[in-house]
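A structural walkthrough
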Amino acid sequence: MMESQTFESPDSIGYNAIMEKLNDPLLSDSSMISVMQLLKNGITTLDKHWECLIGYILKLDWLRRDTLVVIEYKTFIVNLVSAHTYFLKACLKSFVNQFKPGNAKKVGASAGVSPDSMRTIHGTAFINIHSVLQAIIKIVPLTPTVLVPILVDSYPLLTRPAYQHECYIKNLLHIARYLPQCRRKILVLIIGKLMELDSQSPRRAVQDALDENEEEDDGDMNVDNEESDIFRTDDVKVKEESELASNQRDTELSHVEAHKLDVAMELLLHNITDTCIISGQLNWEETKKLYKELLGVFEDVILVTHSSSHVQYLLFYICSFKQPLADGFIDYLWKKVKNPNTQPIYRQAAVAYMCGLISRGLFVPISTAVVTMEHMSQWIHSYIQQSSYSECDDVPRHGTFYSVCQALFYIFIFRHKEILQSNKGHQIAQNLNFPSIVMCWLNPLKTCLPVIVKTFAAVTRQHQLAFCDTIIEHNKPTAFPVTKLYTTYIINSRTNQLESFFPFDPYILPRSKHAIEPLYREYSGNPIEDDDNDSAGEDDDFLGDTSLIESKSPTEFLVYRTSPGL
């Protein structure tokens, strides 16, 4: 073996000898171990002048070699970074890039192994990389500061294969476990990228991909046309959890971006569970920490993004773990709604999230729904009293007001049965004072989504809480603008209609939806179909006339494509 003194400079004989060995295409494990040991012995001389050599070493395929090679390589890298922090960034970047392997099927085929075996090989490699990173973190305190920007810069392009995204996200989440101080930044990175995928995966396109998958099925799922809607619920209760997980792993959407999003959402949902649930018990302290971080990411990334379909369910999911989390999220949103210093588009978005969570979340108790509705009602009545009649035609100016009104109607539609079944339920509903709201000069029934208005009118008429039919009929002939779905965000300059957003429309990504479905409330009534040919008197028959829903499921009138999915 050569002595370290023989390569004290890049021009020395020792340097050339090392490069000759490393360039050997048949470099054996024993030769590589010798080189690592040699360099380790002369570690103090390997300053920045040896950058070319170190760069070459970092490109070596060391992860698939014998265990002794891996040990020697890791030892050398740790010693190198400890002695010369100049090489820290290059080493970290090299390791992070190895979190992005090629497609498991293609790489496995070229190597003569199955995709599952290739996944196992990659998994072992990732473990070795993380062990090096953890060792470096212990000896170089500034490592996290250098590492996070590298993680951001090295994130796979959205066009890269789903498997590469899966591996990278999985490794980012693992880093967050041993670098908890960086977890929020890592979550911001991941969720920000997922929002981009979400924006490229509109519900209509995802549903088309699901329909395409069903058509390609060999007939294993024999359902009629009516029940093939996305709201059909599979009977998963009789399946074992392991079988269900296996089926989900085999599910792959034909919509490329949606499939990547589906894979990533499953990883994040599992990560939330693994962080919060330890040995079958909720770790409250860890759950609170993660919730606060996700809430920060929600404000910085999710709330400010228009019309995302699935990423926001991360908050929905963690709120299901314990009631104080859901209550806290609702309180946070309501404070944002009431704050006049908050931009109107964000106030209206907060209303949408709050309304969706209370209406859709099976884990949100009726007591929370009632208290929230009371706050909404009080705010609405106060707004009516303080507003000037001269502004009644200024729809954009009152966007938040109409959003809160529609949210109140929407929540009551979903939760009225639970309210009215209680001893004081009717009195609670009366205290909301719906008549004063629907008959006020701001006329919310004219601006809210027609299908919500019709359903709300039927429910309140049935229980004699308000009579909206005359107002609805009076509103019909006018050319007053009507909302399109949920009243949020911007005014359409061409139609003068408020744009819309229902953040908790049904979750339809097939691989990850198993975590959301048990927590999700479907609408259980018969939504009222708005028919301009119907008279106000005929509206009395909507609740009992089964001809309106003949050969249709209760949700088909209000599928997400054109409505809030009642």
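See the structure shown above.
Description of the structure in this document.

Quick notes on the rules
- Residues numbered from 1 in each chain as written.
- Predicted model: local features only at pLDDT ≥ 70, side-chain atom pairs only at ≥ 80, totals over all residues.
- Heavy atoms only, no water.
- Helix = DSSP H or I, 4+ residues; strand = E, 2+ residues; numbered from the N terminus.
- Buried < 20%, exposed > 50% of the residue type's maximum accessible area, 1.4 Å probe, protein only.
- Contact = heavy atoms within 4.5 Å.
- Polar contact = N/O pair within 3.5 Å; in protein donor to acceptor, adjacent residues only side chain to side chain.
- Expected span 1.5 Å × (residues − 1).
- Axes fitted to C-alpha atoms, helices over the stretch in contact; angles between N-to-C directions.
- Left-handed = near helix turned anticlockwise from the far one by under 90°.
- Phe/Tyr/Trp six-rings, centres within 6.5 Å; stacked < 30°, edge-to-face > 60°.

**With respect to the overall build of the protein**
- Looking only at helices and strands, the protein has 23 helices and two strands in total.
- Put simply, the protein has 566 residues, and 51% of those count as buried.

**Comments concerning the environment of Ser154**
- Examined against the element boundaries, Ser154 turns out to sit in the loop between α8 (143–153) and α9 (162–178).
- Given the relative accessible area of 5%, Ser154 is considered buried.
- Spatially, the C-alpha atom of Ser154 lies 6.6 Å from that of Asn97, the residues being 57 residues apart in sequence.
- Ser154 has contacts with Val96, Asn97, Lys100 and Tyr168, leaving out every residue within four places of it along the chain.
- Of note is the side chain of Ser154, whose polar atom sits 2.8 Å from the backbone oxygen of Ile150.

**Brief notes about helix α13 (residues 256–276)**
- A rise of 1.5 Å per residue sets the reference length of α13, with its 21 residues, at 30 Å; its end C-alpha atoms lie 31 Å apart and thus fit the reference within 8%.
- Burial of α13 is extensive: 16 of the 21 residues sit out of reach of the surface.

**Here we look at unusual backbone geometry**
- Here Ser279, not a glycine, exhibits a phi torsion of approximately 55°, which is positive.
- Here Ser279 shows up in the loop between β1 (277–278) and β2 (281–282).
- Note on Ser279: relative accessible area 73%, which makes it exposed.
- Non-glycine residue Asn443 carries a positive phi angle of around 50°.
- Tracing the sequence through the fold places Asn443 in the loop between α21 (434–438) and α22 (450–462).

**Description of the packing of helix α4 (residues 67–83) against helix α5 (residues 88–97)**
- Contact geometry for α4 and α5: axes closest at 9 Å, N-to-C directions at 145°. With respect to the hand of their crossing, α4 and α5 are arranged in left-handed fashion. Judged by residue contacts, Tyr73, Ile77, Leu80 and Val81 of α4 engage Leu88, Cys91 and Phe95 from α5.

**Things to note about the environment of Tyr402**
- The residue Tyr402 is located in helix α19 (residues 399–421) in this model.
- Taking the C-alpha atoms as reference points, Tyr402 and Pro444, 42 residues apart in sequence, are found 6.0 Å from one another.

**Observations concerning the packing of aromatic side chains**
- All chains considered together, the criterion is met by 29 aromatic pairs.
- Seen from their ring centres, Trp62 and Phe95 are 6.1 Å apart, and the 70° between their planes marks the pair as edge-to-face. One end of the pair, Trp62, is in the loop between α3 (51–58) and α4; the other, Phe95, is in helix α5, with 33 residues separating them in the sequence. As far as burial versus exposure is concerned, Trp62 and Phe95 are alike and both buried.
- Summarising the aromatic geometry, the rings of Phe329 and Tyr332 are spaced 6.2 Å apart at their centres and angled 10° between planes, so their arrangement reads as stacked. Highlighted residues: Phe329 and Tyr332, both in helix α16 (residues 323–338), separated by three residues, approximately one helical turn. The same class applies to Phe329 and to Tyr332, which are both buried.
- Here the aromatic residues Phe298, Tyr313, Phe316, Phe329, Tyr332, Tyr353, Phe363, Phe504, Tyr507 and Tyr520 are joined through ring pairs into a cluster of three or more.

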